[in-house]
Amino acid sequence: MNPPSFDPSTTTMSGAVPTARHAFETTAGSQTFAGSASAPADPATPEQARPAPKRDRYFDLLRALALFRVVLYHLTGWAWLPLVFPSMGVMFALAGNLMARSLKRPPVQVIRSRVRRLLPPLWLLGVVGVTGMVIQGWGPDGDSHPGWWWIHLAYWIVPLSDPPYGEGLPGLHGVIGENWAADLAGPLWYIRAYLWYVLLSPFLLKALRAMPLATILAPLALSLAFEQGWITLPGERIPSALTDFSTFGACWILGMAHQEGILKRLPRYVVPSIAPVFALVGLWYALNHNFSMEHDLDSMPLAQALWSFGTVLLLLHLSPSWSEWPRRLRRWDRVITLLNSRAVTIYLWHNICILIAATLWDQLWQFDVMWMHFSWLLESPWPVLAFTWVLICSCIVWFGWAEDLAAKRKPQLWPDGGRKKRTHAR
């Protein structure tokens, strides 16, 4: 399936589902800490006596940029955007860094916490989405195996594989385009991939400590093996999951290596010397395999893996670990804080917001004055992007509280840090 794109020739904004390589990751309210390998707290020290860890604002900035880029890419389908900023690789690296930091506690406790933060926002999406699908006639197929439909619905509860959805469902005229369920389900591949990364992280961390280089490069080797056909697997679900691991697994492990201090132990010249080589090899591979608007990095897992790996390696190498914002970025504090606090909500709901915004915007073509004098505006993606973010903000208000409940925090409608600043000011 192709990503949503603006098509001037048809004067409509299509709302296709992003391919299974579109992604984004973070858990609501999760904290990324400054430094790469801080010592674990003394277990005998009372929780109240331990100093509160500070957020790494550099990582917060990367996550916010990744979110914005994901929304823009899924709206426009511009093939060059993943080259400018590989959001998926960045987000998986940040998540791997956080996971390694958390694994200073017992693994079972950490996994339970990560899964608990992930699932309630998914369940809320499922309550709304699956209910709408069933109302429009989605259900067991009597001609095949209806029992499987009920079994597969369990993936909306624990997404060990991609949850099912109703293909080809009609939309609501003038409000939401047809096949809306595909757009709703499009981002869910990430939830499945993130869950498996979390489950595998204790083993990955042990392997990283024992064999750092081999562990970091293993996903890239697996991606090459899939690309060359040296490994073939039957079915769809297992190959899809392994492809995701081979594409972004190295980025996740790089994040863990950064947290463990492995990257900092390298001579300073090593990373700037080798990271561009990986990225350029990925770019070379893409350009020699019909790279275009219809066939971008998301359609080429090996190129995506190499480009993301090289770029993420450089970004982690440059990491300044800000505990406070630099002067020029302070004005963006509340926006970035909001994006990080509601990252899961934004990611889960942004695709359907794009479809609704594009559908409503297309209704303006019905007015003669608009298509006669302002066709340039109707064909522009920027008004739709602005409208999309208005809808995303409404989803933050309506559905974001699920992230607070998942993190066992008091629910907030607009967690941009403003209330906390006002409290400290008093």
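Remember, it's a predicted structure, so these values are computed and weren't measured experimentally. (Residues numbered from 1 in each chain as written. Predicted model: local features only at pLDDT ≥ 70, side-chain atom pairs only at ≥ 80, totals over all residues. Heavy atoms only, no water.)

We now examine the overall build of the chain. Scanning the chain for helices and strands turns up 18 helices and 2 strands. Taking all 426 residues of the chain together, the buried fraction comes to 54%. Look at the contacts in the chain between residues 6 or more apart in sequence, and 77% of them connect residues 24 or more apart. (Helix = DSSP H or I, 4+ residues; strand = E, 2+ residues; numbered from the N terminus. Buried < 20%, exposed > 50% of the residue type's maximum accessible area, 1.4 Å probe, protein only. Contact = heavy atoms within 4.5 Å.)

Let's shift gears to helix α1 (residues 57–76). With 20 residues, α1 extends 28 Å from end C-alpha to end C-alpha; this agrees with the ideal 28 Å at 1.5 Å per step. Burial analysis of α1 places 18 of its 20 residues in the buried class, which makes it a mostly covered element. Where α1 begins, one side-chain oxygen reaches toward the backbone nitrogen of tyrosine 58, 3.1 Å away; that side chain belongs to aspartate 56. Glycine 77, located one to two residues past α1, shows a positive phi value of around 70°. (Expected span 1.5 Å × (residues − 1). Polar contact = N/O pair within 3.5 Å; in protein donor to acceptor, adjacent residues only side chain to side chain.)

Of all hydrophobic cores here, the largest spans 118 residues; its most connected members are Trp180 and Trp252. Residue contributions to this core peak at 13 residues, all from helix α13 (residues 343–362). Contact partners of tryptophan 252, with chain neighbours within four places excluded, come to Phe92, Ala93, Ala95, Gly96, Met99, Tyr194, Tyr197, Val198, Ser201 and Leu204. (Core = buried A, V, L, I, M, F, W, Y, C linked by side-chain atoms within 4.5 Å.)

Bringing the state of the cysteines into the picture now. Applying the stated criterion to the full structure yields 0 disulfides. Cysteine 395 provides the cysteine sulfur closest to cysteine 353, a residue in no disulfide bond, and the two sulfurs are 3.6 Å apart. Residue classification places cysteine 353 among the buried positions, given a relative accessible area of 2%. (Disulfide = S-S within 2.5 Å.)

A contiguous nonpolar patch, built from Trp123, Ile157, Val158, Leu160, Trp196, Leu200 and Phe203 and spanning about 650 Å² of accessible area, is present on the exposed surface. If one sorts the elements of the nonpolar patch by residue count, helix α7 (residues 188–210) sits on top with 3 residues. Judged by its relative accessible area of 57%, phenylalanine 203 falls in the exposed class. (Patch = residues over 30% accessible without salt bridge, like charges linked within 9 Å, V, L, I, M, F, W, Y side chains within 5 Å. Areas by Shrake-Rupley, 256 points an atom, 1.4 Å probe, with all protein chains shown as cover. Salt bridge = Lys/Arg side-chain N within 4 Å of Asp/Glu carboxyl O.)

Here we come to the pattern of salt bridges. Note that side chains of opposite charge can pair when their charged atoms are close. Under the defined criterion, the tally for this structure stands at 10 salt bridges. Notably, a salt bridge pairs arginine 57 with aspartate 60, separated by 2.6 Å at the nearest N-O pair. You can see arginine 57 and its partner aspartate 60 sitting in helix α1, 3 residues apart, about one turn around the helix. The same class applies to arginine 57 as to aspartate 60, namely buried. Measuring nitrogen to oxygen at the nearest pair gives 3.4 Å for the salt bridge that ties aspartate 60 to arginine 63.

It is worth spelling out the packing of aromatic side chains at this point. Two aromatic rings, taken as a pair, are described by how far apart their centres are and by the angle between their planes. Taken as a whole, this structure holds 21 aromatic pairs when the rule is applied. An aromatic cluster of at least three residues, connected via ring pairs, comprises Phe92, Trp189, Tyr190, Tyr194, Tyr197, Phe245, Phe248, Trp252 and Tyr347. (Phe/Tyr/Trp six-rings, centres within 6.5 Å; stacked < 30°, edge-to-face > 60°.)

Moving on, we come to the environment of tryptophan 349. On the secondary structure map, tryptophan 349 appears in helix α13. The exposure class of tryptophan 349 is buried, given its relative accessible area of 6%. Along the backbone, tryptophan 349 and isoleucine 396 are 47 residues apart, and their C-alpha atoms lie at a distance of 9.1 Å. When sequence neighbours within four positions are dropped, the list of residues in contact with tryptophan 349 reads Leu124, Leu125, Val128, Cys395 and Phe399.

With that out of the way, let us pick up the environment of glycine 255. Mapped onto the elements of the fold, glycine 255 is located in helix α9 (residues 237–260). Given the relative accessible area of 0%, glycine 255 is considered buried. The contacts of glycine 255, once residues within four sequence positions are left out, are Ala93, Gly96, Asn97 and Leu316.

In this section: the side chain of threonine 337. Looking at where threonine 337 falls in the secondary structure, it is placed in helix α12 (residues 333–341). Those residues within four positions of threonine 337 in sequence are excluded, and the remaining contacts are Arg57, Pro415, Asp416 and Gly417.

This part takes up unusual backbone geometry. For serine 321, which is not glycine, the phi dihedral falls at a positive 50°. Mapped onto the elements, serine 321 comes out in the loop between α11 (301–317) and α12. Positive phi, normally seen in glycine, also occurs at lysine 408, with a value near 60°. Here lysine 408 shows up in the loop between α17 (401–406) and α18 (418–425). Judged by relative accessible area, which is 67%, lysine 408 ranks as exposed.

As far as function goes, none of this settles anything; it's purely spatial.
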